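Remarks on the overall topology
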Amino acid sequence: MTNFAYLYMGTQKHFTLNQVIHPIFLGKTVFKKLSVFIKKGNYSSLHILVDENSMQHCLPILISNCIELKEANIIEIESGEANKSVEICVELWATLTDEKAERKALFLNLGGGVICDMGGFVASTYKRGIDFVNIPTTLLAQVDASVGGKLAINLEGYKNQIGTIVHPKAVFVETDFLKTLSKREYLSGFAEMIKHALVADINYWNKLKKVDISQKNFAAPFVNHSIEIKTDIVQSDPYEKGVRKVLNFGHTIGHALESYFLKHNKNYLLHGEAVAIGIICEAYLSSIKYSFDKKQLTEVCSFVSLHYKKYNISSAAFSEIIAFMLQDKKNEKKEINFTVLKKIGKASPNHSFTRAQIKEALDFYNNL
Ligand SMILES: NC(=O)c1ccc[n+]([C@@H]2O[C@H](COP(=O)([O-])OP(=O)(O)OC[C@H]3O[C@@H](n4cnc5c(N)ncnc54)[C@H](O)[C@@H]3O)[C@@H](O)[C@H]2O)c1
Ligand SMILES: [Zn+2]
């Protein structure tokens, strides 16, 4: 990893070299850092977005540790990917209006990726944009969704169809919040960590392979490293013109599966579960066209299959799943865009595959 200059841990001093990417605070003093941030910002009002789970498990801890938030307005929405929608955004913009939020208001996203993606979108568009910060409470949001400024909502069944890239003013990460997360949600976040290792760091991959997932909060010691990998990549390409696309490894097929399951409401897949399947399929594609080593392919498939439930993807659904891929935001000139693995720890963006090859990859997953 290159010199990492925008992560603030404990009392260690780091400096933001380049304000393209926001500062990220984690470690024991995170709530103190948030208090200082709020005081310095001199905001005219504070608005905390939660869902029922982050409200129950995280809000009391946050408020008791950060006195500045005692008088904040609390805005609660129902949890779930289906609520990452324009209808809920309209409600949130109306609530901010009712609460008389001015341009100098601060919006705080306390929750998982749904809260961070949608809350950031609402804040960045309300009155042409008010400050917002992320306080991620799921593993997935801590290592991925809260960092990097991608904000989005779903539209007509398509994932993240409407959105912007606007960076939060800061991100505050408290891994103790993860203690109340269900095992299934926890593993969903772990899939993004697996992705980080596969695209950027073989040593990290070797470490993740050894984790004991039966241990509570087993991933907490690695949260900072995943954030480092993500921010390093985002820093070099904040608006996803090139290299940032490697972070979409597993997501071309993953997002299409997530959209497909969401549309058909078949006890739908969590984001990370869909990404786990996408990782297997896209590692397979890497092997058939770009000489990703067969032994490494087996290693990836065995590790991922060990931790994630197997779903059967009906071959009758393949065409519809590919139709979802045609809406992928990375596509150019109607070609479905993939990131491939050259080897574990090294990825390459902007590759295309035929429909037949994509179907073969889905079959490969089904036959594992
Ligand atoms: N913007 C990005 O760069 C980016 C990256 C990856 C994923 N995402 C998006 O993130 C979303 C998925 O995020 P997610 O997995 O966090 O989903 P989520 O926000 O739906 O949270 C998962 C569940 O955990 C609950 N929860 C949250 N914190 C909790 C806690 N501390 N204890 C107990 N329960 C808690 C939530 O209420 C919800 O039921 C997807 O919409 C995905 O597209 C965005
Ligand atoms: Zn993701």
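Everything quoted here is computed from the prediction, not taken from an experiment. (Residues numbered from 1 in each chain as written. Chains lettered and ligands numbered in written order. Predicted model: local features only at pLDDT ≥ 70, side-chain atom pairs only at ≥ 80, totals over all residues. Heavy atoms only, no water.)

What to know about the coordination of the zinc ion (ligand 2)
- Protein ligation of the zinc ion (ligand 2) involves E192 (OE), H251 (NE2) and H271 (NE2), the donor distances falling in the range 1.9 to 2.1 Å.
- The sequence pattern describing where the donors of the zinc ion (ligand 2) fall on their chain is E-x58-H-x19-H. On the criterion of sequence distance, the pair formed by H251 in helix α10 (residues 251-264) and H271 in helix α11 (residues 271-289) is long-range, its members being 20 residues apart.
- Overall, the relative accessible area of 5% leaves H251 in the buried class. (Donors = N, O, S within 2.8 Å, 3.2 Å for Na, K, Ca; no water. Helix = DSSP H or I, 4+ residues; strand = E, 2+ residues; numbered from the N terminus. Buried < 20%, exposed > 50% of the residue type's maximum accessible area, 1.4 Å probe, protein only.)

Concerning the environment of Q56
- Structurally, the position occupied by Q56 is in helix α2 (residues 52-57).
- The exposure class assigned to Q56 is exposed, which follows from its relative accessible area of 55%.
- Distance from Q56 to I336, taken between C-alpha atoms, is 41 Å for residues 280 residues apart in sequence.

Considerations on the site of ligand 1
- Close contacts around ligand 1 come from 26 residues, with D51, E81, T138, K159 and T180 the closest.
- Between ligand 1 and the protein, one listed contact pairs an oxygen atom with a side-chain N or O atom of K84 at 2.8 Å.
- Surface burial for ligand 1 is 91%, taken as the share of its 870 Å² of free accessible area covered by protein chains.
- Looking at the shell around ligand 1, the elements that each hand over two or more residues are α2, α5 (113-125), α6 (139-145), β8 (158-165) and α7 (183-200).
- When its residues are assigned to classes, the shell around ligand 1 shows six nonpolar, ten polar and ten charged. (Near = heavy atom within 4 Å. Polar contact = N/O pair within 3.5 Å; in protein donor to acceptor, adjacent residues only side chain to side chain. Areas by Shrake-Rupley, 256 points an atom, 1.4 Å probe, with all protein chains shown as cover. Nonpolar A, V, L, I, M, F, W, Y, C, P; charged D, E, K, R; others polar.)

A short note on helix α1 (residues 30-41)
- The end-to-end C-alpha distance of α1 is 16 Å, a good match for the 16 Å that twelve residues give at a rise of 1.5 Å each.
- V30, F31, L34, S35, F37, I38 and G41 are the residues of α1 that are buried. The arc that holds every buried residue of α1, seen down its axis, measures 160 degrees, which confines them to one face. Turned more than 90 degrees from where α1 packs its buried face, K32, K39 and K40 sit exposed.
- Among the structural elements, β2 (24-26), β3 (46-51), α3 (59-65), β5 (106-111), β6 (131-136) and β9 (170-173) are those in contact with the buried residues of α1.
- In the stretch just after α1, N42 is the one whose phi turns positive, near 50 degrees. (Expected span 1.5 Å × (residues − 1). Arc of directions from axis to C-beta. Contact = heavy atoms within 4.5 Å.)

Quick look at the domain arrangement of the protein
- If you check the domain split of the protein, you get domain 1 (7-180) and domain 2 (183-366).
- Computed over C-alpha atoms only, the centres of domain 1 and domain 2 are separated by 26 Å.
- On the side of domain 2, 36 residues touch domain 1, which itself brings 29 residues to the contact.
- Of all residues in domain 1, L139, V143 and K159 give up the largest surface area on contact with domain 2, accounting jointly for 21% of the area buried on that side.
- We note a salt bridge from K230 to D144, for which the minimum N-O separation is 2.6 Å.
- Of all elements in the fold, only β1 (7-9), β2, α6, β7 (150-155) and β8 reach the threshold of two or more residues within the side of domain 1 that touches domain 2.
- Of the residues assigned to the side of domain 1 that touches domain 2, the class counts are 14 nonpolar, ten polar and five charged. (Domains from an automatic or database assignment. Buried area = accessible area lost by both parts, 1.4 Å probe. Salt bridge = Lys/Arg side-chain N within 4 Å of Asp/Glu carboxyl O.)

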